[in-house]
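The residues making up each chain are set out below.
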Amino acid sequence: MFDDLDIFAAVVEHSSLNRASRQLNLSQPALSRKISKLEERLSVALFNRFGKRLELTEVGRLTYTYALEQRQQRSKFLEALSKFREGEPQFVTLGASLTTLQTTLPPLVNAYTEKYPAAELKLITGKTHEIVSSVSEGKCDVGIIASSIQEPGLRCIPLFEDQLRLVVSSHHPLTLPAKLTMDHLARLPMILFSKGTWYRRMTDELFQRCAVEPDVRMEIDSFEAIVRLLPTIKAAALLPKSYLRPELLNGGGLVSLHIKELEQTQRTTCLIYQGSGSLSTAARCLVQVTEEVFLPVHE
């Protein structure tokens, strides 16, 4: 039936059995029989016939629209099939913890889509333990998390080390001391990550160890929002070094400051995926691109 729909569409587009028969390399009587057979199968008349002139009936117009949709779907299917045969990735699901989303995703997605422009990348976000579960259960093909794990059935590949830095406006008083310590953060107006996030737990533990109590003005889990608010409310924040690109700091009038105790916040951002060898072509390609983007720089 689908071949007959293609033939029917060709007749409509050429507005003539004669011209359509030449284009299809069919005799006109054979083409007429195919159209008649299609009408019999559908139990409707597709054309009103006025001598040699054909005019679509209302159901004929409906059938032509359907024929075009089938043509487009078949074209997409054959294109996808061809790429699959050639080994080009088609669809992959990437899971990223919220704390790595803004630091690792932009360069990775850019590199992957540039290398495989036809691939479809679906992103799932969540907390680290949620991404680990999603990869273990096969809901995500690949995951990126801001910690190193040992989970049965999963491979965990370290990508780079990261730690928190103190970030303030370039006009903030803390840019003046020659050496900063955690004591400088006591009663300091600060924007912290929202409670429940990994970064917030880490900073709370750090403050507790150093017996420091900052003046928490806001609690936000968006790096971008924190960066935008710092100059406005004249506050400070602790942000991951990997996020603090030079253009971000310079463009926002911000300064990244080192405090010795912040070295205690170092942690490893890792790539995780199932180690059973069942990765799809798309997932294998994403793993390869991820390693190309991060490992050469940080090894």
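The text that follows walks through the structure, step by step, so that each part is easy to find. (Residues numbered from 1 in each chain as written. Predicted model: local features only at pLDDT ≥ 70, side-chain atom pairs only at ≥ 80, totals over all residues. Heavy atoms only, no water.)

1. Details of the sheet that holds strand β5 (residues 142-145)
- The strand order across the open sheet built from five strands is β4-β3-β5-β12-β6, with neighbouring strands paired in mixed fashion. In this open sheet, the two edge strands, each paired with only one partner strand, are β4 (120-126) and β6 (154-162). Direction aside, the axes of adjacent strands within the sheet are offset by 20 degrees on average. (Pairing = 2+ DSSP bridges. Helix = DSSP H or I, 4+ residues; strand = E, 2+ residues; numbered from the N terminus. Axes fitted to C-alpha atoms, helices over the stretch in contact; angles between N-to-C directions.)

2. Digging into the pairing of strand β7 (residues 164-169)
- Where burial is concerned, most of β7 is hidden: six out of the six residues are buried.
- As paired strands, β7 and strand β11 (residues 254-257) are joined by four bridges and run antiparallel to one another. Bridge pairing links S169 to L254 in β11. (Buried < 20%, exposed > 50% of the residue type's maximum accessible area, 1.4 Å probe, protein only.)

3. A look at the pattern of salt bridges
- A full pass over the atoms with the stated rule returns 12 salt bridges.
- Between D4 and R41 there is a salt bridge whose closest N-O contact spans 3.7 Å. Note that D4 is positioned in helix α1 (residues 2-14) and R41 in helix α3 (residues 28-42), a separation of 37 residues in sequence.
- By relative accessible area, which is 11% here, D4 ends up buried.
- With its nearest N and O atoms 3.0 Å apart, the salt bridge here joins D204 to R200. Within this pair, D204 and its partner R200 are both found in helix α7 (residues 198-209), separated by four residues, close to a single helical turn.
- When its relative accessible area of 33% is taken as the criterion, D204 is described as partly exposed. (Salt bridge = Lys/Arg side-chain N within 4 Å of Asp/Glu carboxyl O.)

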